[in-house]
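Structural description and commentary
One-letter residues, chain by chain:
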Amino acid sequence: MILKKSVAALVLGLSVAASASAYDFDYGAISVPSPIFSSIISHGAGSFADSFSFSIAQPALGTGWANDLPVSFGISTFYNIDSLAVTLFKGNFNDGIADSLYAPIGGSTDHKSGSGLLQTGNYYFLVSGSANGSLGGQYQFGAQTLALPVPEPETYAMFLAGLGLIGAIARRRKQSEV
């Protein structure tokens, strides 16, 4: 009897703890390159929309992803998310100003990922879906920025030498025609 009450209390506690319908995460100003920011988020049954805000002070290559983490045993599904969607916006989340859609993140129904060039400014990922497992749903979200590649000085030297060579050939041809 005590075991049944303990299990019931544990299940009730987990479902109450995971029943929020929206989370707002603010990573603040992140460095370029940044470490990987990763979180596992749980929701109770129903729809949700979570935001992950950040800003960068220099252009960077940004990447983000979200994975549904279904948990099932036999015919019972404890955690699952349908209609998982991830979108990247440029602007500040929830400031009343219409933000520009930066990039919808594509992929399969259980995995969304994307990357692209980010200019300086404020951004946020909006992760949404419908948690429909008996205990709701959970997903992993991750993001990272990478520094843009900078050509080595030797690359510029080779480029300038090639331009000089092409110029010398063009000048020599012009002189031989005269």
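Our structure's up above, just so we're on the same page.
Residues numbered from 1 in each chain as written. Predicted model: local features only at pLDDT ≥ 70, side-chain atom pairs only at ≥ 80, totals over all residues. Heavy atoms only, no water.

Remarks on the overall build of the protein chain
In plain terms, the rule: Here a helix means four or more residues in a row that DSSP labels H or I, a strand means two or more in a row labelled E, and each is numbered from the N terminus. Burial status follows relative accessibility: with a 1.4 Å probe on protein chains alone, a residue under 20% of its type maximum counts as buried, one over 50% as exposed, and anything between as partly exposed. The contact criterion used is simple: two residues touch if any of their non-hydrogen atoms lie within 4.5 Å. Note that accessible areas follow from Shrake-Rupley with a 1.4 Å probe, and for residues the cover is restricted to the protein chains shown.
What the protein chain contains, in helices and strands, is two helices and 11 strands. Sequence-ordered secondary structure for the protein chain, helices as α and strands as β, is α-β-β-β-β-β-β-β-β-β-β-β-α. The buried share among the 178 residues of the protein chain stands at 29%. For the protein chain, restricting intrachain contacts to residue pairs at least 6 apart in sequence, the fraction spanning at least 24 positions comes to 81%. As presented, the protein chain carries roughly 11000 Å² of accessible surface, and 63% of it is formed by carbon and sulfur atoms.

Digging into the packing of aromatic side chains
Basically, it comes down to this: In this scheme Phe, Tyr and Trp rings, the latter by its six-membered ring, pair at centre separations within 6.5 Å, and the angle between planes marks the pair as stacked below 30 degrees, edge-to-face above 60, and tilted otherwise.
A full pass over the atoms with the stated rule returns 10 aromatic pairs. Both rings, one in Tyr23 and one in Phe25, keep their centres 6.0 Å apart while their planes meet at 45°; by these two values the pair is tilted. Accessibility expressed as a relative area gives 23% for Tyr23, which makes it partly exposed. Residue classification places Phe25 among the partly exposed positions, given a relative accessible area of 24%. A connected cluster of aromatic rings, assembled from ring pairs, spans Tyr23, Phe25, Tyr27, Phe37, Phe52, Phe54, Tyr123, Phe125 and Phe141.

Some words on the environment of Lys112
Along the chain, the position of Lys112 falls in strand β9 (residues 111–118). Considering only alpha carbons, one finds Lys112 and Gly64, 48 residues apart in sequence, at a separation of 8.3 Å.

Observations regarding the pairing of strand β3 (residues 46–56)
Applied cut-off: DSSP-based pairing: two strands are paired if at least 2 bridges between them are found.
Most of β3 is tucked away: eight of the 11 residues are buried. Examined bridge by bridge, strand β1 (residues 24–29) and β3 share four bridges and lie parallel to one another. Pairing of Ala29 across the sheet is with Ser55, part of β3. In terms of strand pairing, β3 meets strand β10 (residues 121–131) through 11 bridges, oriented antiparallel. Pairing of Gly46 across the sheet is with Ala131, part of β10.

Details of the nonpolar core
Spelled out, the test is: Only buried residues count toward a nonpolar core, which is a set of Ala, Val, Leu, Ile, Met, Phe, Trp, Tyr and Cys residues joined through side-chain atoms within 4.5 Å.
Judged by nonpolar contacts, the single largest core of 21 residues is most densely connected at Phe52, Phe54, Ile56, Phe125, Val127, Tyr139 and Phe141. Ignoring any residue separated from it by four or fewer positions in sequence, one finds Val127 in contact with Phe48, Ala49, Asp50, Phe52, Leu84, Ala85, Val86, Tyr139 and Phe141.

Comments concerning the side chain of Asn80
With respect to the helices, strands and loops of the structure, Asn80 is situated in the loop between β6 (76–79) and β7 (81–90). Beyond its immediate stretch of four places on either side in the chain, Asn80 contacts Asp68, Pro70, Ser130, Ala131, Asn132, Gly133, Gly136 and Gly137.

Let's talk about the environment of Thr120
Checked against the element boundaries, Thr120 lands in the loop between β9 and β10. Judged by its relative accessible area of 40%, Thr120 is partly exposed. Each C-alpha atom of the pair Thr120 and Ser55 lies 7.4 Å from the other, and the pair is 65 residues apart in sequence. Ignoring any residue separated from it by four or fewer positions in sequence, one finds Thr120 in contact with Ile56, Ala57, Gln58, Pro59 and Lys90.

Description of unusual backbone geometry
Residue Pro33 is bonded to the preceding Val32 through a cis peptide linkage, with omega at -5°. Structurally, Pro33 can be placed in the loop between β1 and β2 (37–43). For Ser83, which is not glycine, the phi dihedral falls at a positive 60°. Along the chain, Ser83 turns up in strand β7. Residue Ser83 is classed as exposed on the basis of its relative accessible area of 61%.

Some thoughts on the side chain of Ser34
How we decide: Any N or O atom pair separated by 3.5 Å or less is treated as a polar contact, with the protein-specific requirement of one donor-capable and one acceptor-capable atom, and with residues adjacent in sequence counted only for side-chain atom pairs.
Structurally, the position occupied by Ser34 is in the loop between β1 and β2. Its relative accessible area of 6% is what places Ser34 among the buried residues. A polar side-chain atom of Ser34 sits 2.9 Å from the main-chain amide nitrogen of Thr145. Other than its neighbours up to four places away in sequence, Ser34 contacts Gln144 and Thr145.

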